[in-house]
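Listed below, chain by chain, are the residues.
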Amino acid sequence: MKKTSVSTEIAGKTLTLETGELAKQATSSVLARLGDTMVLATVVAGSKNTELDYFPLSVEYVERLYAGGRIKGSRWVKREGRPTDDAILTGRLIDRSIRPLFPKAFKRDVQVVVTVLSVDGENEPDVLSIIAVSAALHASPIPWDGPVSAVRVGHVKENGNGKTELIINPGSAESDFSELDLVATQTKDKTLMLEAGALQVLEETMVEAIAKAHVENKKIIEFIEDFAKKVDTKKEETPIDAALNEMVATLDKNYKDEILALIPSRASKEGNGNEAGALIDKIYESQKMANPEENIDKKVIATALEKVMFKGIRVDVLKKKKRADGRKVDEIRQIEVKVGLLPRTHGSAIFQRGDTQALTVVTLGSPRMEQLIESAEGEEIKRYIHHYSMPPYSIGETGRMGTPSRREIGHGALAERAIAAVIPSQDTFPYTIRVVSEILSSNGSTSMASTCGSTLALMDAGVPVLKPVAGIAIGLMTGEDPDKEYVLLTDILGLEDFSGDMDFKVAGTESGITAIQLDVKIKGLNITQIKETFEKAKIARLEILQKMLSVIPTSREEVSAFAPKIEIVKIPVEKIGEVIGPGGKVIKNIIATTGATVDVEDNGSVAISGTSEEAVQKAVEWVKSLTREITVGEAFEGEVKRILPFGAFVEFLPGKEGMVHVSKMSTEFVNNPNDIVQIGQKVKVRVVEIDDQGRINLSMLFGADAEAKEKAGPQRGPQTGGYEPRGFTPRGPQRGGQRSFDRRPPMGTAGPSSEHPLSMQFKRERRENWRKDKYSKKPRY
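Here goes a summary of the coordinates provided. (Residues numbered from 1 in each chain as written. Predicted model: local features only at pLDDT ≥ 70, side-chain atom pairs only at ≥ 80, totals over all residues. Heavy atoms only, no water.)

Judged by pairing direction, the sheet is mixed, and its 6 strands sit side by side in the order E1-E2-E3-E4-E6-E5 without closing on themselves. The open sheet has two free edges, formed respectively by strand E1 (4-10) and strand E5 (57-63), since each of these has just one partner strand. Averaged over all neighbouring strand pairs, the angle between strand axes comes to 15 degrees, with direction disregarded. Of the strand pairs in this sheet, strand E4 (residues 37-49) and strand E6 (residues 108-118) are connected by 9 bridges, and their pairing is antiparallel. Bridged to Val-44 within E6 is Gln-111. Along the sheet, helix H2 (residues 125-138) contacts strand E2 (13-19), strand E3 (28-34), E4, E5 and E6; its crossing angle with E4, the most-contacted strand, is approximately 40 degrees. (Pairing = 2+ DSSP bridges. Helix = DSSP H or I, 4+ residues; strand = E, 2+ residues; numbered from the N terminus. Axes fitted to C-alpha atoms, helices over the stretch in contact; angles between N-to-C directions. Contact = heavy atoms within 4.5 Å.)

This paragraph deals with the pairing of strand E18 (residues 470-478). Counted residue by residue, E18 has 9 buried out of 9 residues, so it is predominantly covered. The side-chain alternation of E18 yields two buried faces, one formed by Ala-470, Ile-472, Ile-474, Leu-476 and Thr-478 and the other by Gly-471, Ala-473, Gly-475 and Met-477. Relative to strand E20 (residues 502-508), E18 is paired through 7 bridges, and the arrangement is antiparallel. For Ile-474, the partnering residue across the bridge sits in E20 and is Phe-504. In this structure, E18 lies alongside strand E19 (residues 486-490), joined through 5 bridges in antiparallel fashion. (Buried < 20%, exposed > 50% of the residue type's maximum accessible area, 1.4 Å probe, protein only.)

Counting residues in each nonpolar core, the largest one holds 127 residues, and the members touching the most others are Leu-17, Ile-98, Ile-433, Leu-458, Phe-504, Ile-516 and Phe-534. Discounting chain neighbours no more than four positions away, the residues touching Ile-516 are Leu-182, Leu-194, Glu-195, Ala-196, Met-206, Leu-414, Phe-504, Lys-505, Val-506 and Phe-534. (Core = buried A, V, L, I, M, F, W, Y, C linked by side-chain atoms within 4.5 Å.)

An ideal rise of 1.5 Å per residue puts 20 Å on 14 residues; helix H8 (residues 277-290) measures up with 20 Å between its terminal C-alpha atoms. Residues of H8 that are buried: Leu-279, Ile-280, Ile-283, Tyr-284 and Gln-287. For H8, the arc enclosing every buried residue in end-on projection is 135 degrees, short of the 170-degree limit, so these residues lie on one face. Exposed residues on H8 whose side chains face more than 90 degrees from its buried face are Ala-278 and Met-289. On the buried face of H8, the contacting elements are helix H5 (242-254), helix H6 (256-260) and helix H9 (298-320). (Expected span 1.5 Å × (residues − 1). Arc of directions from axis to C-beta.)

Pairing is mixed around the closed barrel formed by 5 strands, whose spatial order is E25-E26-E27-E29-E28. Adjacent strand axes in the sheet meet at a mean angle of 55 degrees when their direction is disregarded. As paired strands, strand E25 (residues 635-644) and strand E26 (residues 647-653) are joined by 5 bridges and run antiparallel to one another. Its bridge partner lying in E26, Val-640 is registered against Val-650.

Attention shifts here to the packing of helix H11 (residues 446-460) against helix H13 (residues 527-549). A pair of packed helices is captured by two measures, namely the crossing angle of their axes and the spacing between those axes. Contact geometry of H11 with H13 gives a least axis separation of 11 Å together with a crossing angle of 30 degrees. It follows from the interaxial angle that H11 and H13 lie roughly parallel. Seen from above, H11 lies across H13 with right-handed handedness. For the pair H11 and H13, the contacting residues are Cys-452, Thr-455, Leu-456 and Met-459 in the first and Ile-544, Met-548 and Leu-549 in the second. Here the residues of the contact of H11 with H13 are counted per class, giving 6 nonpolar, 1 polar and no charged. (Parallel < 35°, antiparallel > 145°, perpendicular 65-115°, else oblique. Left-handed = near helix turned anticlockwise from the far one by under 90°. Nonpolar A, V, L, I, M, F, W, Y, C, P; charged D, E, K, R; others polar.)

Further remarks concern the packing of aromatic side chains. Using the criterion set out here, one finds 7 aromatic pairs in the structure. Relative to Tyr-431, the ring of Phe-429 has its centre 4.7 Å away and its plane inclined at 35 degrees; by these criteria the two rings are tilted. Residues Phe-429 and Tyr-431 agree in their burial class; the two are buried. Both rings, one in Phe-636 and one in Phe-652, keep their centres 4.9 Å apart while their planes meet at 45 degrees; by these two values the pair is tilted. Note that Phe-636 is positioned in strand E25 and Phe-652 in strand E26, a separation of 16 residues in sequence. In this structure an aromatic cluster arises from ring pairing among Phe-55, Phe-102, Phe-106 and Trp-144. Here the guanidinium or amino end of Arg-642 rests over the ring plane of Phe-649, the centre of that ring lying 4.2 Å away. (Phe/Tyr/Trp six-rings, centres within 6.5 Å; stacked < 30°, edge-to-face > 60°. Lys NZ or Arg CZ within 6 Å of the ring centre and 35° of its normal.)

What follows deals with the side chain of Thr-594. Mapped onto the secondary structure, Thr-594 falls in helix H15 (residues 585-594). Of the polar contacts made by the side chain of Thr-594, one reaches the backbone oxygen of Ile-590; its length is 2.7 Å. In this structure the side chain of Thr-594 is engaged in a polar contact, spanning 3.2 Å, whose partner is the backbone nitrogen of Ala-596. When neighbours within four sequence positions are excluded, Thr-594 is seen to be in contact with Ala-615, Lys-618, Ala-619 and Trp-622. (Polar contact = N/O pair within 3.5 Å; in protein donor to acceptor, adjacent residues only side chain to side chain.)

So far we have only geometry, and geometry alone does not tell us how the molecule works.
See the structure below:
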C-alpha cells in the first residue's frame, strides 16, 4: 500500500488520514488524527473461508495509558491488563458500525485492531476510531459495502438567551453542559448505528440531532472516498455461496410446510432448541439418498432451514400482519411486576414481559464505595453502577460461567445509561448505588427488562429517582424495497430479533428519552423510519410505565433498615485540618468512638455513614462541634479531662477543650484544683475569652459570682508564683498538644505584691531551702 496522507476540516477541527508508513504487514492500516488525538486502525483478513455458520469478525480496541501520559496507579502492576469496560463498549460500537456492510457469504476471518496512541482530552478517540476503521476497510481489498462515518452530537444551551444548540463533536467543556451524548454512524443515504444517552430529551430533538449528524457524515464519507481513490487498491469479488442457495431452494420447494410448523415452538424460547434436529436429520438422509456422490453438510442444511423459516415469518408479517406468537404488530406481551421480594437486600424487583424475566437487586453503600475508573483520558468516579448477568439457563442451555461476556457488559451499560439520567445528585442522596440484573429467562430485549426492573428496585430501595424509566425494543421487517415495504414490530421476541432487520431499543421517562441503541442487519434506516420508531416506542413506554407505577407509584420514603445510614456535613475548607487532626488523630478517634465511617473531601464535604443511626448522629454532632464558631458568653456542660496545678482542661464540645483557671473555679481562694474538680466530672462552664490563636478560656462562675470575682481582682498564690498568668502557649500538634504557661507578670504591673502574707511566706521558705541546699554537704539526690 503506497504512502498517502489527506486532511479535511470537521466542525472547525482538522482530520488527517495516513497510510503506507505504519503496520505494513497488515492487510490495511490507517493512522487517523483529530486535534492531538491519534489512533492506529489495522485490518487483517484470513486467507481461507471458515466453516462457521456466522461471519467471524472480531474488533479489538486497545487503550494504552501512555496515550494520555499516564502510568498505571497500581503499586505492583504497571502493564495494562484486560480491556476495560469502556474499551469493550467502544469495540462493540465499531463492530456494530461495520458488520452489516460485509457480504453475507463472506466467511473469512477478519480482525480489526484499533490502538489509541494519543489523547488530548478534547477529541474523543471512539468516533475517530470508527472513521479510521471505515477508511482502512474501504482502502483494503476486502469486500465491504462502505464507507461509513461517525460523529458525536451534543445538545447545549447557548449563553445568555436560554436557547439550545446542537453541536458536532463537542469538546470536554461543552460536553459537561450537554443534555445529549449521541454517536451516529451513517452511510451516504442511511443511518446504520446509533448509541445515545440523554437527560430526558424529546423525540423531536433526537431526530433533529440524527439529521444534523448525517449532514456532517456525508462530508466525511466523501473525504474517505477520495482517500481510497488515492490509495487505489482493487477490491476482491464478492463471494457467492452457491451450495447454500441451492439448498435453500430445495427446502423451500420440498419441506416448506414442515419448516414453518416449527415457528410456534421456536417463538416460545430464545435458544434454538432441538425441535429442528429431527427434521434436519430427515432432510440429510433424503438428500444423501438422492445425491450419494455429493458431500452434503448438515450445517448447510441447518442454515438453509433457518433462512426458509425466517422468510416465512417475514412474509406473514408483511402480508398478513401476523407475528410468530400471534400478537398484533404493536402489541406488548403480558407484563408482571413484583417488588420487595428479597428480605435482606436494600431493594429488589422482578420485571417479566412474556418469557423474558429479570430479577434486579439494589445495594446502597457509602460514598467511599464509588468506582474509580482509570483511562488514558484521566480518572473518573462512578457512584451509580449497573451490572448485568445472563447465565446459560436463561435460554434453557448449558454453557460457560465466569467473567462477563462482551454482550453482558454492553447490555449492562445500556441499562445503566438509561437510568443514570434520573439518579438524584449526591447532595440529595449521598449513597453509592450498585444495581445487578439477573436474567432468569430470556426471550427478547433483556436489556430493556433490566431497565424497567432497575427503576422498580431503586424505588423499592428508597432512592428518590427524578422520574421512573421504562424501555422497549422495536423491530423491523422489510420487503424487496426496504424504504417502502416495511413493518415495525413493538416488543420483539428473540425469534423476531434473529429473523428481522433491526433491534432499536429506546428507554426514557414520560417526559423524554434517556437512552437509545440501534443495531441493523440491512444497510440502514431512513429518517422516516426512525421517526416512526420513536413514535411507537413512546406509546409502548408510557403503557409499560403505567403498569409499573400501579405496583409502586413512588419511591419509598425511607431506605431499608439494612442499608447504611449516611449524612453529608459541609464544613469550611480551612476547618478540614481540625476534623482530621495531627496525623489523623481526631478523625481516627471519631471513627473508633462512634463506630461510624467518616470521609472528608477536599471541598469540605464530610460523609458520615454507619449501620446505626445513633452512631451516625453522634459522629455528625462531633464534626459539627469541631468546626462550629464559639462565641464569648456561650455556656456549655463539659467534662474535666486534665488537671494541672494552675487549672483544669474541660471538653465542652466533642473534641473541643478549653482551660478553666483556678481563679475561675470558685469565688473563694483555690489552693489546689483537685479540691474543686475531679477528672471525668461534669461541670458547667462559659466562654470568657478567645485569644488571637483561637485558644479558649473558660469559667465555672456565672452571674453574681462572676461579677464579685471580677471586682475582687485576680487570685494570687503559690500556684502562679504570686501573680496572674497571662495565658498559655501550645507546644504544637507535633508535641501531642501539651501546653505550658507563660509565668511573666501581666503588662503594666510590677510583679507580686510584697504585702501579701502568703506571698511573703512563700518567698522566705524558698530562700531558706535554697541556702540549705547550697551549704549542705549532703548530695542533692
